Each structure stands twice: as C-alpha cells, then as structure tokens.
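Observations on the model geometry
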Amino acid sequence: MKRLPLLLLTGLAVALIAACGGKPKPETPAPAATANTDSIEAAERARADSIARAEKEARDREAAEREAQQRRADSLAALGRSTEAVRTLLATMIHFDYDKALIRGGDASVLDQKMAILQANPALHIRISGHCDERGSDEYNLALGNRRATAAKQYLVSHGIDASRIETVSYGEERPIAQAHDEEAWAQNRRDEFEILAGGENLKQP
Amino acid sequence: MKPGSRFGGWAGSLTAVLLTAYPANRLSAQDTSAIDRGVRIGIVYRPGVRPGMVVLPVPKAALDSVRALVVRDVDYSDRFEPITLPGGDSIRAASPPSSPSAGRTATGGGGARGTGGAAVATGLNYPLYQALGADFVVGITPAAGDSTVVTVYDVAAGGVRRELRARLPALGDAGFRLAVHRLADRVLEASLGVGGTAATRILFVMNGKVYTIDQDGADQRLVSSSDHQAMSPAWAGDGRRFAYMEFWEGHGRLFVQDVASGKRAPVATTGQALDFTPAFSPDGKTLAFSRAIEEGTDVYTVNVKDGCCLQRLTVGRFYDNLSPTYSPDGRRIAFVSTRPGLPQIYVMSADGTDQQLFAPFDYGATGSSNAPEWSPDGQTVAFHRDVGGTLQVFVLDVRTRAVRQLTSVGRNEDPTWAPDSRHMAFVSDRSGYRQLWIIDVETGRIRPLLQQSGARLPAWSPRLPETASSAP
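Cut-offs used in this document
- Residues numbered from 1 in each chain as written.
- Chains lettered and ligands numbered in written order.
- Predicted model: local features only at pLDDT ≥ 70, side-chain atom pairs only at ≥ 80, totals over all residues.
- Helix = DSSP H or I, 4+ residues; strand = E, 2+ residues; numbered from the N terminus.
- Buried ≥ 20, exposed ≤ 12 C-beta atoms within 10 Å, placed from the backbone.
- Contact = placed C-beta atoms within 7 Å.
- Pairing = 2+ DSSP bridges.
- pLDDT = per-residue confidence, 0-100.
- Nonpolar A, V, L, I, M, F, W, Y, C, P; charged D, E, K, R; others polar.
- Right-handed = clockwise from strand over helix to strand, strands pointing away.
- Expected span 1.5 Å × (residues − 1).

A look at the overall build of chain A
What chain A contains, in helices and strands, is five helices and four strands. Counting every position in chain A, which comprises 206 residues, the buried fraction comes to 27%. Of the contacts made within chain A by residues no fewer than 6 positions apart, 75% connect residues no fewer than 24 positions apart.

This is the structure:
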C-alpha cells in the first residue's frame, strides 16, 4: 500500500519535470491526499511559466538572430572594405626613369605589398601593363613597355608568386594618363599598371 | 719656310678643287629651309638645274582638273621646273584642229595668237618654249571615244617625244584622281625615263585609326574598320594589301587588309602575344614582325601566303630586337637591336643569320636609333635618331655605311620612302604640332602632306596597280 502514493509522486514529479523542462521547483508541495487540486495548480503555474519562458526564449533567439545577422552584415561590410582597400593597394602604379625598365628602390615596397596580397589571395590573377612617355620612338616604346611590365612580374615571381598568375602586356606610349607635354606628365606616364583578371571578388588583407 | 702661308694657299686651292670637283653631290641636301613661309632656301637647290616643263592650257573646261593635277604632280616630282606661260593659267587654248590623228598636230592653236604662238598647225613653236626655258611641253587634249591624249613635246629635239592615251574616269568618280596621277607618272616616264610617285598613297595612324591619303594631300579616308587601337601600317609590295597591328585585350594582333575590298584577316600565328611592326617581304609571301614576350622582344617571320611556319629570327634574352624592314631583293632585313645598350640599327640575312651593326654610332655619344626603312632602290636605309633629346631623320648609305642627318628643324621621325627612293614622308612637329611632311631628299624641298594634328607612323605605298583605283 505504501508504493502507490510513492509511484504517484514520482509520476507527478516526472510530469512536472517534463512540463517545466527543468528542475522541479522545490516550493511545489507534493501533498499526498490533496495531490490532485494542488497538482493542477502546480501544473497551471508550471504551464504559465513555461509559456513565459518560451516567449522569452523566442525573444532571445530573435535578438540573437538579429545580432548574428548584424554581425554577418558587419563582417561582410568589413570584408568589402578590405576588398576595396586591397584593390586600391593592388592598383598602385610604379614608375620608371626615362628609357629604363629597372624597378626603383621606392617601388620595391609597393611591389612587396602586391606580393603579400597575391599570397593572401591565392585565387587572384593579375595583369601588369607597361607604359612609356611620348618622347621615345612610338614602336620602340612597345618593347620598352614590355620590359617594364615583365620587370615587375619578375620581381613578384622571384619572391614566390606563381608566374601563371601574372599576365603582362605593353601599351607603349599609346595610353597616357597625363596629357601634358612636360616632365611631370612624362614621369606619370612612365609606369606599370596593375589590374585584376580573376579572383578579385573578396580580397583578404594580407 | 713659311708654313702658314703655304698651308693657307694649299688649303685654298684644295677647297677650290673640292668645290669644282663635287658640284652636285647626290644625296647631299639638308633640310635647312624656313618651310613655314613657303620659301625655298638651300645651298644645293638651284632653280634652272632641273628641266623646265610647260603644261599647256587645255582646250576644254572639263580637262582643267586634269591639267591642274598634272601640273601639281609635275611640281611635286621635284624633277622639273614647272614654267608658267606669260599670261598665266587663265588663258584657254582653242579647240584642237579637226584631225587629231597626227602626233605632231598642234595643241592650243589659239595660243599662237593669244600668247605669242603656242603652236601652229604643223607643230609647237619650239623656239618660243626654248626661250621660256622649257625642255618639255605637255599638251592635254580630248580625243575620240572619251579618251584623253597627252602629248609630250621635246623642245630641244623639236618634236613629239611621246603620245600617251588614257581613258579617264569622270571627274568626281572614285578612280579619277588616281587615273590622272598615273597619267602624270607616264609623263615623267616619257620625258625623263624615270618612274614617278604621283599614283601613290600614304597610310598613317591618327587617333588610333589607320587612314589613307593621296601623296598630294587629297582624298583622306579612314581604312581601319574596328574600334581597336591601331599602329604601324605597312604596305605589301603589290600595293593591293597592307598589314597593321591592333591592340586587343592584353595583346597585339596583326591583320592583313585588302585595299580594294576593305576586308581583313588576322595573321594566322597572331593572337596571344604582343605582335607589332609588321613588314612584308618584297614577294609578299612573308611577314616579318616584332613579338614581345616576357623574355623580351624579337623578330619573327610568318608565311602569310599559307598562314603557317612561324620562325624566330633573333634571340635576345637580355636585349630587344624589333622593327624589321626587308631589303628590296628580299635577302636582308634591317632591324633595331638594343644589344649595345641603346637601340641602334642592325642588319641580318633574311633567315636571321649574320647579324651585324648596320648604321655606325659612337658609344656614349650617339642617341637611340629607331624605325628603319629600306629604300625601294636598296641603296639607303632611312631611320630616326635621338639628337640632343629630340628625334631627327637620318639616311644610311648601304654600300659605304655613311650616315647623314637629313632634318634639323623640330622633332622628325618615322621616315617612309616613296617608290622613287627620293621622296620621303615623315612625322614632324616643325609647324607646332605633329603631322606628316614630305621631303625631297635630293633638293631638301619640303611640303606638308596634311594639316591635321596627331598624324603619325606613315607608310608610303608602292606605285598602285590599276585595280586599286576602284577602292571604295
């Protein structure tokens, strides 16, 4: 005879635990004789609790979701910002002395940046175009521009970048960026330009 | 001993000997003229040395344009002194006598009365033209069946030198000017026995497009059909095709275009690398060109007849080789090489062997030399060289390897020979902007070809074939 209420109690406790989904509340009485009314109240309370809890959880989840979304958006924006920054770095031109195709000392660091970018973004393929000022011979300048483009490529390749990731081309003096006919314009036009051929969608900062 | 006076006397007599011994050295003219004022100033150029030529007034208004073109072609040939009749060009010769059959039939009978006797029925008033300083007189008369007869009179011999007959297209037809130019070339051939350059055109590049223009500055037309930036047009020896280079995405492609149809085709082996400065072999079967790869720039040839057989003629790992130009016998190629540190003019056999320096230079003193073009007579190679920071046109004598500077006013570059190997088109900024000029290498006389800024990279055609006149 002693087993029945015990069983009942255990059953109730299991039900409570199941309903609350948590620990049985210690204040909940477990009366033996009046178990029915009390347990109903307790069940009601527990139900209300669980609803409130669920609602709160839903709110929390939503908030977390929002937060996560925000974080994703933020990180995407950050990635975009970094892609933009990387692109700008990559597009930085290097310049040359008149009728020369030697990388200037100051421009080696510019190429080092590009090398780091290429290393951080293995899918990135670029094209280097060599350009000249208008003073030399029109057709010779195509050969000179070619030397300038390959000088930059050789620098990058000698620092470990796979040669197949870099194309070169020369435009001679055919595509000046400065139109004036003075030393300042000529200095600007004696340059290598760097453009992205592939893999430039999301660029990581090195 | 009075060495000073002795030397002075010796030097003086030597100078006198030199002056008398070499009065008119061929290819000794220098362009020192103040060209902008239209005045010829020069040491070598002497009016009167050249034979005088009178082109008679025409009896028919329709022939005025023909006469005007012929007179200008005669003038531009720089081989005659064109003589204007007293009374100028306004007079018109009367209709020719009714029987145009006889070669000695006079032209311009009216001239005999109006201007002191151009001709009488039995022939030209030769003593009159002799007195005017004319060696040749040219009469242009209409003949039966829409044809035109051009009579070349030899004043000294007192007879007709040659009678030329031509069927000229109507004035305003596409082929009219070229047909008249061809007639003018025949006049030159009939009188002096040398070929003229009137029936020729010059290709050039302006704003990245290829244009053609007649040698007298008329009829400028766009011939490149794509939006790609173009460079370096070059004629085939038959005057029916030309090659040029275009920038495509990341490389330079060569095309060969048909003059008459305007159709073009890419050169078979072109497309991946940067190919430029095409040059036809004299037989038109081979195209030599420069190819820039990462190793550097080198000269290649390709068989354009069969579209095959790419051959590499130079291997310069640490220097560039470019801008090939064939000798007219097709056996040699002059080109630019940077092996001495700066670009200079080299020569090799057409198969790439026996490469050697062509135009001598002084290490450390002579500037870069570029853009060689072998003359059609094979005797000279024109090129431009950096002189004190600007470019000047030079001529290399192939036999003696002597180099002579031809220009000195402004920046002058990219010379191209006319088929007479005597006239040359080049780019000059002497008028304030870069445009095309023509110089007569023998007299130094110079004229602008067109008045547009930005024209460059000219290529003078050979004498154009008849069919080229029907070009659209």
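Remarks on the sheet that holds strand 31 (residues 456-460) of chain B
Residues and elements named next belong to chain B. The strand order 10-9-8-31 describes an open sheet built from four strands, whose pairing is antiparallel. Across the chains shown, the open sheet's two edge strands, defined by having one partner strand only, are strand 10 (221-222) and strand 31. With two bridges joining them, strand 9 (residues 209-214) and strand 10 adopt antiparallel strand pairing. Looking at strand 10, one finds that Tyr211 is bridged to Leu222.

Details of the confidence of the model for chain A
Residue and element names in this part refer to chain A. Of the residues in chain A, 80% have a pLDDT of 70 or more, and the chain-wide mean is 83. Contacts of residues 12-17 to residues separated by more than four positions or lying in other chains number nine contacts, the stretch itself having pLDDT below 50. Note that pLDDT drops below 50 for residues 19-25; the model gives that stretch eleven contacts with residues more than four away or on any other chain.

A look at the interface of chain A and chain B
Opposite the 16 residues of chain A that make contact, chain B presents 24 residues. Within the residue set of the side of chain A that touches chain B, elements represented by two or more residues are helix 4 (140-158) and strand 3 (166-172) of chain A. With six residues, the top contributor of residues to the side of chain A that touches chain B is helix 4 of chain A. Residues of the side of chain A that touches chain B, tallied by class, amount to five nonpolar, five polar and six charged.

Let's talk about the pairing of strand 3 of chain A
Within strand 3 of chain A, six of the seven residues are buried, which leaves the element mostly enclosed by the surrounding structure. On the question of chirality, the crossover connecting strand 2 (residues 125-131) of chain A to the parallel strand 3 of chain A by way of helix 4 of chain A is right-handed.

Re helix 2 (residues 64-76) of chain B
Its 13 residues place the ends of helix 2 of chain B 18 Å apart at the C-alpha level, agreeing with the 18 Å of an ideal helix rising 1.5 Å per residue. Asp78(B) occupies a position one or two residues after helix 2 of chain B and carries a positive phi of about 60°.

Here's the deal with the pairing of strand 12 (residues 241-248) of chain B
All names here are of chain B. Across the eight residues that make up strand 12, a large majority, six, are buried. In the sheet, strand 11 (residues 230-235) pairs with strand 12 via four bridges, with the strands oriented antiparallel. Counted as the bridge partner of Trp235 is Phe242 from strand 12. Hairpin connection between strand 11 and strand 12: a loop of five residues separates the two successive antiparallel strands, and Gly239 in this loop has a positive phi of roughly 70°. Pairing of strand 12 with strand 13 (residues 251-258) involves eight bridges; the strand directions are antiparallel. For Trp248, the partnering residue across the bridge sits in strand 13 and is His251. Where strand 12 hands over to strand 13, the hairpin turn is made up of two residues, of which Gly250 adopts a positive phi near 80°.

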